[in-house]
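# Residue-level structural notes
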Amino acid sequence: MFPWRPPAALATWLAGARGGGLLALLANQCRFVTGLRVRRAQQIAQLYGRLYSESSRCVLLGRLWRRLRGRPGHASALMAALAGAFVWDEERIQEEELQRSINEMKRLEEMSHIFQSSGVECHPPEPKSQAEGIDNSKDKEDPWEMVMDKKHFKLWRRPITGTHLYQYRVFGTYTDVTPRQFFNVQLDTEYRKKWDALVIKLEVIERDVVSGSEVLHWVTQFPYPMYSRDYVYVRRYSVDQENNVMVLVSRAVEHPSVPESPEFVRVRSYESQMVIRPHKSFDESALGLYFCFTRFPCVPTGMPEFLEKLHMATLKAKNMEIKVKDYMSAKPLEMSSEAKATVPSSERKTEGSCGPARIEYA
């Protein structure tokens, strides 16, 4: 038997390692890997240059850098965004956002005399200052102004600082539909496309199974000669049966898989909160529900028109003319085939909360 001898290249490498060249070899390997990643990032940047306008790229990268700057791993997160990955850690809707909307509803409910025929004009309460006695007049938002007083709802608005736009809020009640029906109709996209003739496109882009948040792309018609608008936004809903409340929160985001289209005008500032509280239970149609709906941007006639269409669509669903999916009873892992889950593991579900099975409502 002949003694085993290592190949010449391996023998040379071992000799170099013994002579102190191991660190140099590792440094060369690191430079090689880093070079590959830099070239990959350059290729992604060139691709985005063809897909996005210059202003869109500046806005997207600027927002990402400001959010990630100074945080552990911010460089890797920015690289993930450049590679076409959506950064859920920064964009998912948190529990605090859901609770904030519920708290606004509670403050409105404390003013239940709003539906009494007292003839006194009431305004939604302003958020309480975190520090009593501190002059924060510079940061104080403008007061709400009532613009409509109907039998089943009241509508307020307040200007958005630095713009010519308004934020609108409705507090209303219905006694001829159940909270479950009213809630489900808002979440069923296929049904939405039937009762809302303005919808051009509405689809789920990506889903976060950790929080139940989803990113959606919504395109809606505007009157001629204006261009149609499109929205890219994240949303999340929760059903708290213990506290007898439902909440749906949405806000605009940037997503790398939905670049701007010259056919539509991209709406970059968008927020919507719907909170529903049954008069008694989720299925008591005789007693109905209260709701608080806040939205920005919007027009004065847009809120009443939308609520009327939503109400009529709910009545049709109640009369079994249209079959609507029951999201309160849906299993957490059910989802639209067009949606992309971010992780394959089972979705976390807490008591009193129902994760989205197929959230496709705008």
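Residues numbered from 1 in each chain as written. Predicted model: local features only at pLDDT ≥ 70, side-chain atom pairs only at ≥ 80, totals over all residues. Heavy atoms only, no water.

As a reminder, the rule being used: UniProt positions are given in the numbering used here, feature names are shortened, and annotations may be inferred rather than shown by experiment.
The chain is annotated in an unreviewed UniProt entry as StAR-related lipid transfer protein 7, mitochondrial of Jaculus jaculus. Quoted verbatim from the Subcellular location (unreviewed entry) field of UniProt, the annotation for the chain is "Mitochondrion". Looking at the Function (unreviewed entry) heading of the UniProt record, one finds this comment for the chain: "May play a protective role in mucosal tissues by preventing exaggerated allergic responses."

## Let's talk about unusual backbone geometry
Put simply, the test is: Secondary structure elements follow DSSP: runs of H or I of four or more residues count as helices, runs of E of two or more count as strands, with numbering from the N terminus.
For the bond from tyrosine 224 to proline 225, the omega torsion is 10°, close enough to zero to count as cis. Inspection of the secondary structure assignment puts proline 225 in the loop between strand S5 (214-220) and strand S6 (228-240). Of note, asparagine 244 is a non-glycine position whose phi angle comes to about 60°, a positive value. Inspection of the secondary structure puts asparagine 244 in the loop between S6 and strand S7 (245-252).

## What to know about the packing of helix H7 (residues 179-187) against helix H9 (residues 302-318)
Spelled out, the test is: Axis definition: a line fit to C-alpha positions, over the contact stretch in the case of helices; interaxial angles, taken between N-to-C directions, run 0 to 180 degrees. Any angle that falls under 35 degrees is termed roughly parallel, while one over 145 is termed roughly antiparallel, one within 65 to 115 roughly perpendicular, and all others oblique. Here a crossing is called left-handed whenever its near helix is offset anticlockwise from the far helix by less than a right angle, and right-handed whenever the offset is clockwise. Contacts are residue-level and defined by heavy atoms, with any inter-residue pair within 4.5 Å sufficient.
Where H7 meets H9, the closest approach of the two axes is 9 Å, and the angle between their N-to-C directions is 110°. Classed by the angle they form, the pair H7 and H9 counts as roughly perpendicular. The hand of the H7/H9 crossing is right-handed. Residues Gln181, Phe182, Val185 and Gln186 of H7 touch H9, and the partners they reach there are Leu310, Ala313, Thr314, Ala317 and Lys318.

## Quick notes on the side chain of glutamine 273
As a reminder of what qualifies: Throughout, exposure labels follow a simple rule: accessible area from a 1.4 Å probe, protein chains only, divided by the maximum for the residue type, with under 20% read as buried, over 50% as exposed, and the rest as partly exposed.
Here glutamine 273 shows up in strand S9 (residues 271-278). In this structure glutamine 273 comes out as buried when scored by relative accessible area, which is 16%. Excluding residues that lie within four positions of it along the chain, glutamine 273 makes contacts with Ser101, Leu248, Val249, Cys292, Phe293 and Thr294.

## Some points on the side chain of serine 211
Rules: Any N or O atom pair separated by 3.5 Å or less is treated as a polar contact, with the protein-specific requirement of one donor-capable and one acceptor-capable atom, and with residues adjacent in sequence counted only for side-chain atom pairs.
Mapped onto the elements, serine 211 comes out in the loop between strand S4 (199-207) and S5. Under the relative-accessibility criterion, serine 211 is labelled buried at 9%. A distance of 2.8 Å separates a polar atom in the side chain of serine 211 from a polar atom in the side chain of aspartate 208. Within the structure, the side chain of serine 211 is placed 2.9 Å from the side chain of serine 213, a separation counted as a polar contact.

## Quick word on H9
Where we set the bar: Here the expected span of a helix is defined as 1.5 Å times the quantity of residues minus one.
For H9, with 17 residues, the first-to-last C-alpha span of 24 Å sits near the 24 Å given by 1.5 Å per residue. Inspection of H9 places Gly302, Met303, Pro304, Phe306, Leu307, Leu310, His311, Ala313, Thr314, Leu315 and Ala317 among the buried residues, and these make up the whole buried set.

## Here we look at the pattern of salt bridges
Defined as follows: Each reported salt bridge corresponds to a side-chain nitrogen of Lys or Arg within 4 Å of a carboxyl oxygen of Asp or Glu.
Taken as a whole, this structure holds 19 salt bridges when the rule is applied. The salt bridge involving glutamate 97 is made with arginine 251; its shortest N-O contact spans 2.8 Å. Of this pair, glutamate 97 sits in helix H6 (residues 95-109) while arginine 251 sits in strand S7; the two residues are 154 residues apart in sequence, bridging distant segments of the chain. A single burial state applies to glutamate 97 and to arginine 251, both of which are buried. Across the pair glutamate 104 and arginine 169 runs a salt bridge, and its minimum N-O distance is 3.1 Å. Placement of glutamate 104 in helix H6 and of arginine 169 in strand S3 (residues 166-174) is noted, with a sequence separation of 65 residues between them. The same class applies to glutamate 104 and to arginine 169, which are both buried. A network of salt bridges, in which partner residues are shared, links Asp89, Arg92 and Asp208.

## Focus: the environment of leucine 307
Along the polypeptide, leucine 307 turns up in helix H9. Classification of leucine 307 by relative accessible area gives buried; the value is 1%. C-alpha separation for the pair leucine 307 and phenylalanine 293, spaced 14 residues apart in sequence, amounts to 9.4 Å. When near neighbours in sequence (up to four residues on either side) are disregarded, leucine 307 contacts Val170, Tyr174, Phe291 and Phe293.

## A word on the nonpolar core
Stated formally: Working definition of a nonpolar core: buried Ala, Val, Leu, Ile, Met, Phe, Trp, Tyr and Cys residues. They are joined through side-chain atoms within 4.5 Å.
Residues Val170, Phe182, Phe183, Met274, Ile276, Phe291 and Phe293 are the most contacted members of the largest nonpolar core, which totals 32 residues. Examining the composition of this core, we find that seven residues originate from one element, H9, more than from any other. What isoleucine 276 contacts, discounting residues up to four positions off in sequence, is Pro179, Phe182, Phe183, Gln186, Asn244, Val245, Met246, Leu289, Tyr290 and Phe291. Core analysis: the next-biggest nonpolar cluster, separate from the first, contains 22 residues, Ile93, Ile102, Ile205 and Val249 among them.

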